[in-house]
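Listed here are the chains, written in short residue letters.
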Amino acid sequence: AKYIIAYDEDAMYIVDQHAAAERINYEKFQRELNDTSKWVFTDLLVPIVINTSNVQAQKLLDYLEKFKSIGIEMSPFGINAFNLIIMRNFFMNMD
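Note that the structure is a prediction, hence the values are computed from the model and not measured. (Residues numbered from 1 in each chain as written. Predicted model: local features only at pLDDT ≥ 70, side-chain atom pairs only at ≥ 80, totals over all residues. Heavy atoms only, no water.)

Enquirer: Please explain the overall build of the protein chain as it appears in this structure.
Expert: Counting its secondary structure elements, the protein chain contains two helices and five strands. Reading the protein chain from its N terminus to its C terminus gives the helix and strand order β-β-α-β-α-β-β. For a compact globule of 95 residues, the expected C-alpha radius of gyration is about 12 Å, and the protein chain comes in at 20 Å, more than 25% above that figure. Principal axes of the C-alpha set define a box for the protein chain whose edges measure 65 × 30 × 20 Å. Buried positions account for 17% of the 95 residues belonging to the protein chain. Considering only residue pairs separated by 6 or more positions, the protein chain has 52% of its internal contacts joining residues 24 or more positions apart. Of the accessible surface of the protein chain, which amounts to about 7500 Å², a share of 58% is contributed by carbon and sulfur atoms. For the protein chain, the distance from the average position of its 9 positive side-chain charges to the average position of its 13 negative side-chain charges is 5 Å. (Helix = DSSP H or I, 4+ residues; strand = E, 2+ residues; numbered from the N terminus. Rg over C-alpha atoms; globule rule 2.2 N^0.38 Å. Buried < 20%, exposed > 50% of the residue type's maximum accessible area, 1.4 Å probe, protein only. Contact = heavy atoms within 4.5 Å. Areas by Shrake-Rupley, 256 points an atom, 1.4 Å probe, with all protein chains shown as cover. Lys, Arg positive; Asp, Glu negative; His and termini not counted. Charge placed at Lys NZ, Arg CZ, Asp CG, Glu CD.)

Enquirer: Just checking my understanding: could you explain the pattern of salt bridges for this structure?
Expert: Oppositely charged side chains may form a pair once their charged atoms are brought near each other. Applying the stated criterion across every chain yields a total of one salt bridge. A salt bridge links arginine 23 to glutamate 27; the nearest nitrogen and oxygen atoms lie 2.7 Å apart. Pair noted here: arginine 23 and glutamate 27 are both in helix H1 (residues 17-34), with a separation of four residues, about one helical turn. Note on arginine 23: relative accessible area 52%, which makes it exposed. (Salt bridge = Lys/Arg side-chain N within 4 Å of Asp/Glu carboxyl O.)

Enquirer: Looking at this structure, how should I read a nonpolar patch on the surface?
Expert: Among the surface-exposed residues, Tyr3, Ile5, Tyr7, Met12 and Ile14 lie close enough to one another that they form a single nonpolar patch of about 660 Å² accessible area. Mapped by element, the contributors of at least two residues to the nonpolar patch are strand E1 (3-7) and strand E2 (12-16). It is E1 that contributes the most residues to the nonpolar patch, three residues altogether. Along the chain, methionine 12 turns up in strand E2. Taking the relative accessible area as the measure of exposure, methionine 12 reaches 55% and is therefore exposed. (Patch = residues over 30% accessible without salt bridge, like charges linked within 9 Å, V, L, I, M, F, W, Y side chains within 5 Å.)

Okay, structure coming up:
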């Protein structure tokens, strides 16, 4: 691991470079998630079928609108299966 060591008049700071980079990426992701004007969507040419158990299917049904609110659109497809129709490109606009 690599560390950044910095100090000022009051204290010395030791920062893990990897952890700092992860924090920066997390904060960028949070900003992107909240700024819907930058969202890019992909309509899937062939929907992805997601097979689930009974319990998972019920939970997924309960959360379909929540998924849609973050850019993932699915629809029920038979028993305990869902079609993934539209997927947000989460990392398309990240620098």
